[in-house]
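Chains, contacts and geometry: an overview
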Amino acid sequence: MVSPASSRMFQLLQRHIQPAGQRKTRLVTKDGHCNIEFGNIEYSNHFAYLLDFWTTFVEIRWRFVLLLFAASFTGSWFIFSLLWYWIAKTNGDLTGQNRTDGHIRCVDNVNGLTTAFLYSLETQTTIGYGGRALTGHCIGTVALIIIQSIIGVFINCFMCGVVLAKISLPKKRAKTVTFSDKAVICLKKGSLCLLIRVANLRKTLLIGSQIYGKLLRTTTTPDGETIILDQVDIDFLVDAGKDNLFFVCPLTLYHVINRSSPFYELSVDSLPHQDFELVVFLDGTAESTSSACQVRTSYIPQEIQWGYSFLPIISRTKMGKYHVDFSNFSKSVRVTTPHCVQCFETDSDQRNHNSHKNDNKQDKLGIDNLGFQVIDIHDSVDITKM
């Protein structure tokens, strides 16, 4: 028998968990990753990844980079050990081979596959313990040691370059730029605006920062064509300017919701039922590495709070320094906000109309003169004599 508490818990989960067919999927996750996959690609197109092998190696996961790192060195050591073993066997240097008196080895102390592998490792890593060395009796050994040394240098340079490139990827710098978890809609500078907060967690600046947004939604054209990922430009403004921001402290981005905004038809009641995704981008150049990076995040209607405003987070200490309280970075407080944009514009027009009407009425009636006395005027008598 199911207890009443368990039944209420099950109903609560059913209310919050949507079916798989109705679940809202993001194109861009909160941390900036794109949720997209490519299917039905021709097999011949996969060779394009091999042609651009440098980008492929830089973008693969660290586990595969480490595996490639170990396999490239170990594989090269083993392949060249087989060549050294073949030379030793051809010259009769191996253990068990019949050697005549005065036999000169090609490589000292290489008498099997294990010692050949050790000599290959010592040669390519330039360890040189001194126990195994060329005798100069075989010409082929001189050519082989030159080839192995050159290939070893190429492998060292390539793998070190891959590791360094992955460590210094611009997207690692993007990890230290964060957006607020929620977006809010409230009044700002006499207009209804959508606000988002962004912060740079490092003291080094992002030079030439630019902020813009894309609204992704499903639309139907007049011809009846359905566009699943229709992109609409969203302009964001900052009090400090639009481009080349002085991004030293958290900034509040705002989008003015007017007649040209795609959010113009929204209201506090219709917002939770909308199906769109707002993707916000921040482009800039890292001051310390001069590498361009892009930070992005997304907001769905359930992450936009109507009638809220962000809490202040910047204050000044007694020592004269500016203090940023990141505990309130994504926190908001309820404020007085119109029910919809059209309601706000109607109220503004009505107030302007009443103000203009009162001004006209005041012009027609004039200004009262408190010192003016009203007297009665009787019928005048004509005293002019003819």
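For the structure, see preceding data.
Notes on the structure follow. (Residues numbered from 1 in each chain as written. Predicted model: local features only at pLDDT ≥ 70, side-chain atom pairs only at ≥ 80, totals over all residues. Heavy atoms only, no water.)

Some points on the overall build of the chain
Selection criterion: Runs of H or I in DSSP of at least four residues are treated as helices and runs of E of at least two as strands, each being numbered from the N terminus. Burial classes: relative accessible area under 20% of the type maximum marks a residue as buried, over 50% as exposed, and values in between as partly exposed (1.4 Å probe, protein chains only). Accessible surface area values rest on a Shrake-Rupley calculation with a 1.4 Å probe, where residue burial reflects the displayed protein chains alone.
Secondary structure assignment for the chain yields 8 helices and 13 strands. For the chain, the proportion of its 386 residues judged to be buried stands at 31%. When the accessible surface of the chain is split by element, carbon and sulfur atoms take 58% of a total near 26300 Å².

A few points about a positive patch on the surface
Let me state the cut-off plainly: Patch definition: residues above 30% relative accessible area lacking any salt bridge, with like charges linked at up to 9 Å and the nonpolar side chains Val, Leu, Ile, Met, Phe, Trp and Tyr linked at up to 5 Å. Throughout this description, the term salt bridge denotes a Lys or Arg side-chain nitrogen within 4 Å of a carboxyl oxygen of Asp or Glu. Positive: Lys, Arg. Negative: Asp, Glu. His and the chain ends are not part of the count. All charge positions are set by atom: Lys at NZ, Arg at CZ, Asp at CG, Glu at CD.
A cluster of basic side chains, namely Arg61, Arg63, Lys171, Lys172 and Lys175, defines a positive patch on the protein surface. Locating Lys172 in the fold gives a position in helix H7 (residues 170-174).

Section: the packing of aromatic side chains
We count it as follows: Any Phe, Tyr or Trp ring, taking Trp's six-membered ring, that has another such ring centre within 6.5 Å forms a pair; planes under 30 degrees apart are called stacked, those over 60 apart edge-to-face, and the others tilted. Throughout this description, the term charge over a ring refers to an Arg CZ or Lys NZ atom that lies within 6 Å of the ring centre and within 35 degrees of the ring normal.
One pass over the structure, following the stated rule, counts 8 aromatic pairs. For the ring pair Phe73 and Trp77, a centre distance of 6.2 Å and an interplane angle of 45° mean the geometry is tilted. Note that Phe73 and Trp77 are positioned in helix H4 (residues 62-91) at a spacing of 4 residues, about one turn of the helix. What makes Phe73 buried here is its relative accessible area of 14%. When the ring of Tyr212 is compared with that of Phe281, the centres are 5.1 Å apart and the planes differ by 15°; the resulting orientation is stacked. Separated by 69 residues along the polypeptide, Tyr212 in strand E4 (residues 206-220) and Phe281 in strand E7 (residues 276-286) bring together distant segments of the chain. Given a relative accessible area of 14%, Phe281 falls into the buried group. Among the aromatic side chains, those forming a connected cluster through ring pairs are Trp54, Phe57 and Phe158. Above the face of the Trp62 ring, Lys166 is positioned so that its terminal group lies 5.3 Å from the ring centre.

Let's talk about the nonpolar core
The cut-off we apply is this: Buried Ala, Val, Leu, Ile, Met, Phe, Trp, Tyr and Cys residues form a nonpolar core when they are joined through side-chain atoms within 4.5 Å. Note on contacts: a residue pair qualifies if any of its non-hydrogen atoms lie within 4.5 Å across the two residues.
Core analysis: the biggest nonpolar cluster contains 36 residues, and Phe179, Leu194, Ile196, Phe236, Phe263, Leu278 and Val280 have the highest contact counts within it. Top element by residues in this core is E7. It accounts for 5 residues. Dropping the residues within four chain positions of it, Phe179 is found in contact with Ile196, Arg197, Val198, Leu253, Val280, Leu282, Val295, Arg296, Thr297, Tyr299 and Phe329. The next biggest cluster of nonpolar side chains, apart from the first, holds 12 residues, and it includes Trp84, Cys106, Ala116 and Cys138.

Things to note about the packing of H4 against helix H6 (residues 139-167)
Applied cut-off: Here, axes are lines fitted to C-alpha atoms. For helices the fit covers the stretch in contact, and angles between N-to-C directions go from 0 to 180 degrees. Roughly parallel means an angle under 35 degrees; roughly antiparallel, over 145; roughly perpendicular, 65 to 115; everything else is oblique. Three classes are used: nonpolar for Ala, Val, Leu, Ile, Met, Phe, Trp, Tyr, Cys and Pro, charged for Asp, Glu, Lys and Arg, and polar for all others, with Gly counted as polar.
Where H4 meets H6, the axes come as close as 11 Å, and the angle between the chain directions of the two elements is 180°. As far as their axial angle goes, H6 and H4 are roughly antiparallel. When its residues are assigned to classes, the contact of H4 with H6 shows 18 nonpolar, 6 polar and 1 charged.

What about the pairing of E4?
Put simply, the test is: Should DSSP find at least two bridges between two strands, the strands are taken to pair.
The pairing of E4 with E7 spans 10 bridges and is classified as antiparallel. Among the inter-strand pairings, Leu215 is bridged to a residue of E7, identified as Leu278. As defined by bridge partners, E4 adjoins strand E5 (residues 226-234) across 7 bridges and the pair is classed as antiparallel. Opposite Thr219, over in E5, you have Ile227 as the bridge partner. The antiparallel hairpin formed by E4 and E5 contains 5 residues in its connecting segment, where Gly224 sits at a positive phi of about 90°.

A closer look at a nonpolar patch on the surface
On the surface, a nonpolar cluster with roughly 400 Å² of combined accessible area is contributed by Val142, Ile146, Ile150 and Phe154. Within the secondary structure, Ile146 sits in helix H6. For Ile146, a relative accessible area of 46% gives the class partly exposed.

Concerning the pattern of salt bridges
This model, assessed by the stated rule, comprises 4 salt bridges. The partner of Glu303 in a salt bridge is Arg26, with the nearest N and O atoms 2.1 Å apart. In this pair, Glu303 is assigned in the loop between strand E8 (292-299) and strand E9 (304-306) and Arg26 in the loop between helix H1 (4-16) and helix H2 (47-51), connecting sequence segments 277 residues apart. Of the two residues examined, Glu303 and Arg26, each falls in the buried class. Glu303 is paired through a salt bridge with Lys30; the nearest N and O atoms lie 3.4 Å apart. One end of the pair, Glu303, is in the loop between E8 and E9; the other, Lys30, is in the loop between H1 and H2, and 273 residues separate them in sequence. Beyond isolated ion pairs, a larger network of salt bridges with shared partners links Arg26, Lys30 and Glu303.

Comments concerning the packing of H4 against helix H5 (residues 113-124)
To be explicit about the condition: Handedness of a crossing is defined here by the sense of rotation of the near helix relative to the far one, left-handed for an anticlockwise turn of less than a right angle and right-handed for a clockwise turn.
Contact geometry for H4 and H5: axes closest at 8 Å, N-to-C directions at 125°. Between H4 and H5, the crossing angle belongs to the class labelled oblique. The two elements H4 and H5 meet at a crossing, and its hand is right-handed. Contact residues: H4 offers Phe73, Thr74, Ser76, Trp77, Phe78, Phe80, Ser81, Leu82, Trp84 and Tyr85, while H5 offers Leu113, Ala116, Phe117, Tyr119, Ser120, Leu121 and Gln124.

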